[in-house]
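Chains, contacts and geometry: an overview
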Amino acid sequence: MQPPPPDPLVFVVMGVSGCGKSSVGTALALALGAPFLEGDELHPPENIAKMRSGIPLTDEDRWPWLYRIRERIVKALDFGDQRLVVSCSALKPAYRNLLRWGAPDPFPVGPRPHPTPTPRVDCSSASSTGGSASASSADNAAAAAVPSPSASSLPRVAFILLQPGEDELRRRLAARAAAGGHFMPPALLGSQLAALDYQPGEMWAIVEPPGWRAQRRHQRGAQGEWDGKAEAEAAAEAEASEGALADGPSQPQQPVFPAVEEIAAELAARLHRP
Ligand SMILES: Nc1ncnc2c1ncn2[C@@H]1O[C@H](COP(=O)(O)OP(=O)(O)OP(=O)(O)O)[C@@H](O)[C@H]1O
Ligand SMILES: O=C(O)[C@H](O)[C@@H](O)[C@H](O)[C@H](O)CO
């Protein structure tokens, strides 16, 4: 029997503005006894000024920021056994490639050294709502096509996607804006959700309120791309939620996103113990 693949060393807590990257990242770092790197602190001042004035960042704005985060990740990886938890929106596949490998696409020709997507560990039993499960980059299709890697070539950088759902995000961002003091205006949420692009299979964990994926699928029709497992899960969830809608009150219950500590504890528990 093959030994389990090594656990990741670096955890990037990702997602759109207000999804809980800083809160969950801090709690996860505490649970793991690891340092926490707040990605927003590495933005150049021009980026902060741009966001503050309500203008979404472009790829060109984000690259220097992402390279800075990657530098810090490399330091952690070089150290060998010191975990690191990072908060970073990491909205697009190329950004995540940069954080994982050091370049937006460092392997343009031939198979990648870490071909299979990282195992899909889904906290959605506890969870779901939020960004777009677009998920269709040629990049990822190519990655999925190549044969299994050796354990040593698996990426040590893992992504944890938080998706509390659009209503919850709007509520949080409005509350934060009313309290003042954060540079990110709620008006930028739409551009964040539009930019979010991922394959469920590339995530180490996805945290969503329960039934959210099925609800979205149900509402919008079968337009997302899903892997077989997600497809089957979505069908089962859709059936369950249809039942709930038929039997329940006129309004479906708003799914509840798990609390920060709950998420951190569940994520930490997924790691192999020495
Ligand atoms: N699981 C949660 N349940 C309820 N509220 C949460 C949860 N996680 C975060 N929050 C609240 O949502 C708001 C945004 O959280 P946080 O700053 O962690 O998000 P973020 O993704 O880092 O945001 P940004 O990228 O815009 O800085 C905060 O007010 C925080 O207290
Ligand atoms: O990628 C981006 O558009 C930005 O970096 C944002 O995601 C912010 O860093 C963050 O979320 C602050 O609210």
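Residues numbered from 1 in each chain as written. Chains lettered and ligands numbered in written order. Predicted model: local features only at pLDDT ≥ 70, side-chain atom pairs only at ≥ 80, totals over all residues. Heavy atoms only, no water.

Section: the nonpolar core
Operational definition: Side-chain atoms within 4.5 Å link the members of a nonpolar core, which is a set of buried Ala, Val, Leu, Ile, Met, Phe, Trp, Tyr and Cys residues. Relative accessibility under 20% of the residue-type maximum defines a buried residue, over 50% an exposed one, and the middle range a partly exposed one, all with a 1.4 Å probe and only protein chains included. Think of it this way: any DSSP run of H or I at least four residues long counts as a helix, any run of E at least two long counts as a strand, and we number them from the N terminus. Should any heavy atoms of two residues lie within 4.5 Å, those residues are considered in contact.
Within the largest apolar cluster, 54 residues are counted, with the highest numbers of intra-cluster contacts made by Val 10, Val 12, Leu 28, Val 86, Cys 88, Leu 99 and Ile 160. Broken down by element, this core gets its largest block of residues, six residues, from strand β5 (residues 157–162). Setting aside residues no more than four positions away along its own chain, Val 12 makes contact with Ile 73, Val 86, Cys 88, Leu 99, Val 157, Ala 158, Phe 159 and Ile 160.

Some points on helix α4 (residues 93–101)
Quick reminder: α-helices carry 3.6 residues per turn. Residues three or four places apart thus point the same way. Among the nine residues in α4, eight count as buried, and that is most of the element. Along α4, the positions that sit buried rather than exposed are Pro 93, Tyr 95, Arg 96, Asn 97, Leu 98, Leu 99, Arg 100 and Trp 101. Of the residues trailing α4, Gly 102 is marked for its positive phi of about 100 degrees.

Some thoughts on the site of ligand 2
The cut-off we apply is this: Residues are labelled near a given molecule or strand when at least one of their non-hydrogen atoms is within 4 Å of it. As used in this structure description, the phrase polar contact means that two N or O atoms lie within 3.5 Å; if the pair is within protein, one of them must be able to donate a hydrogen and the other to accept it, and residues adjacent in sequence are counted only when both atoms belong to side chains. Throughout, the Shrake-Rupley method with a 1.4 Å probe supplies accessible areas, and for residues the shown protein chains are the sole cover considered. Residue polarity is assigned by list, with Asp, Glu, Lys and Arg as charged and Ala, Val, Leu, Ile, Met, Phe, Trp, Tyr, Cys and Pro as nonpolar; anything else, Gly included, falls into the polar class.
For ligand 2, the set of nearby residues contains 13 residues, the closest of which are Asp 40, His 43, Arg 62, Ser 89 and Gln 192. Arg 62 places a polar side-chain atom, nitrogen or oxygen, 2.8 Å from an oxygen atom of ligand 2. Taking Gln 192, its side chain carries an N or O atom lying 2.6 Å from an oxygen atom of ligand 2. Here ligand 2 has 330 Å² of accessible area as a free molecule, and 98% of this is covered by the chains. Looking at side-chain class alone, the shell around ligand 2 contains five nonpolar, five polar and three charged residues.

Details of the pairing of strand β1 (residues 10–14)
Put simply, the rule reads: The pairing criterion is simple: DSSP has to find at least two bridges between the two strands.
Counted residue by residue, β1 has five buried out of five residues, so it is predominantly covered. Side chains Val 10, Val 12 and Met 14 project from β1 onto one buried face, and the interleaved Phe 11 and Val 13 project onto a second face that is buried too. One ladder, built from four bridges, connects β1 with strand β3 (residues 84–87); its direction is parallel. Paired with Val 13 across the strands is Ser 87, a residue of β3.

Considerations on the confidence of the model for the protein
As a reminder, the rule being used: A score between 0 and 100, pLDDT records how confident the predictor is in each residue.
Confidence along the protein averages 77 in pLDDT terms, with 66% of residues attaining 70 or more. Throughout residues 109–152 the model reports pLDDT below 50, and contacts reaching past four residues in sequence, or to other chains, amount to 136 contacts. Confidence over residues 222–232 falls short of pLDDT 50; this stretch has 14 contacts with residues more than four positions distant or in other chains.

Here we look at the pattern of salt bridges
To keep things clear, this is the line we draw: Salt bridge, as used here, is a side-chain nitrogen of Lys or Arg placed within 4 Å of a carboxyl oxygen of Asp or Glu.
A complete count under the given rule lists nine salt bridges for this structure. Linking Asp 7 and Arg 83 is a salt bridge whose minimum nitrogen-to-oxygen distance equals 3.8 Å. Placement of the pair is Asp 7 in the segment before β1 and Arg 83 in the loop between α3 (59–79) and β3, with a sequence separation of 76 residues. The exposure class assigned to Asp 7 is buried, which follows from its relative accessible area of 14%. In this structure, Glu 168 and Arg 172 form a salt bridge, with 2.9 Å as the shortest nitrogen-oxygen distance. Taken together, the positions of Glu 168 and Arg 172, both in helix α6 (residues 166–179) and four residues apart, correspond to about one turn of that helix.

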